[in-house]
Amino acid sequence: MINIAGFISMLIDKYRSTHHLWRISEKTLLLLAVLGGSIGSYIGMQMAHHKVSKKKFSVGIPLMIILQILILTYLLLGPNKSIMG
């Protein structure tokens, strides 16, 4: 659900930016990504071509994805297990 929220928030903010309406803050967009919506946020960025020129998004969100995958892998496999067997 958080990925859907991240995805939709990027699309909404892009729409609002092109129509000069009230915007979603960058802090909120990044918070959604940090809370687990990084994949949805990234897909939304790419589809809407939104925030892709800002380093905190173009670099930060992919780094969040990698970090979240590592954390999830650790939580699922535990400290004494290996991905390779």
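Note that the coordinates shown come from a computational prediction; the quantities given were computed from them, not determined experimentally.

A. Structural detail: helix H4 (residues 60-77). In this model H4 runs 26 Å from its N-terminal to its C-terminal C-alpha over 18 residues, within 8% of the 26 Å that 1.5 Å per residue would give. Tucked inside the fold, the buried residues of H4 contact helix H1 (2-18), helix H2 (26-48) and helix H3 (55-58). Count one or two residues on from H4 and you reach Gly78, which has phi positive near 80°.

B. Spatial organisation of the pattern of salt bridges. Following the criterion strictly, the structure yields 4 salt bridges and no others. In this structure, Glu26 engages Lys51 in a salt bridge whose closest nitrogen and oxygen atoms are separated by 3.1 Å. Within this pair, whereas Glu26 is found in helix H2, its partner Lys51 is found in the loop between H2 and H3, the two being separated by 25 residues in sequence. When sorted by exposure, Glu26 lands in the same class as Lys51, which is buried. Salt-bridge contacts for Lys54 lead to Glu26; the nearest nitrogen and oxygen are separated by 2.8 Å. In this pair, Lys54 is assigned in the loop between H2 and H3 and Glu26 in helix H2, connecting sequence segments 28 residues apart. One connected set of salt bridges, linked through shared partners, spans Glu26, Lys51, Lys54 and Lys56.

C. Summary view of the environment of Asn80. Within the secondary structure, Asn80 sits in the segment after H4. Considered as a pair, Asn80 and Met45 are 35 residues apart in the sequence and their alpha carbons are 36 Å apart.

D. Summary view of a nonpolar patch on the surface. On the surface, Leu11, Ile39, Tyr42, Ile43 and Met47 cluster together to form a nonpolar patch covering roughly 440 Å² of accessible area. With 4 residues, the single largest contributor to the nonpolar patch is H2. Among the structural elements, Ile43 can be located in helix H2. What makes Ile43 partly exposed here is its relative accessible area of 39%.

E. Representation of the environment of Ser17 in the model. Along the chain, the position of Ser17 falls in helix H1. Remark: the alpha-carbon pair of Ser17 and Pro62, spanning 45 residues in sequence, is separated by 23 Å. Once residues within four sequence positions are removed from consideration, Ser17 is found in contact with Arg23 and His50.

Rules of the game
- Residues numbered from 1 in each chain as written.
- Predicted model: local features only at pLDDT ≥ 70, side-chain atom pairs only at ≥ 80, totals over all residues.
- Heavy atoms only, no water.
- Helix = DSSP H or I, 4+ residues; strand = E, 2+ residues; numbered from the N terminus.
- Expected span 1.5 Å × (residues − 1).
- Contact = heavy atoms within 4.5 Å.
- Salt bridge = Lys/Arg side-chain N within 4 Å of Asp/Glu carboxyl O.
- Buried < 20%, exposed > 50% of the residue type's maximum accessible area, 1.4 Å probe, protein only.
- Patch = residues over 30% accessible without salt bridge, like charges linked within 9 Å, V, L, I, M, F, W, Y side chains within 5 Å.
- Areas by Shrake-Rupley, 256 points an atom, 1.4 Å probe, with all protein chains shown as cover.

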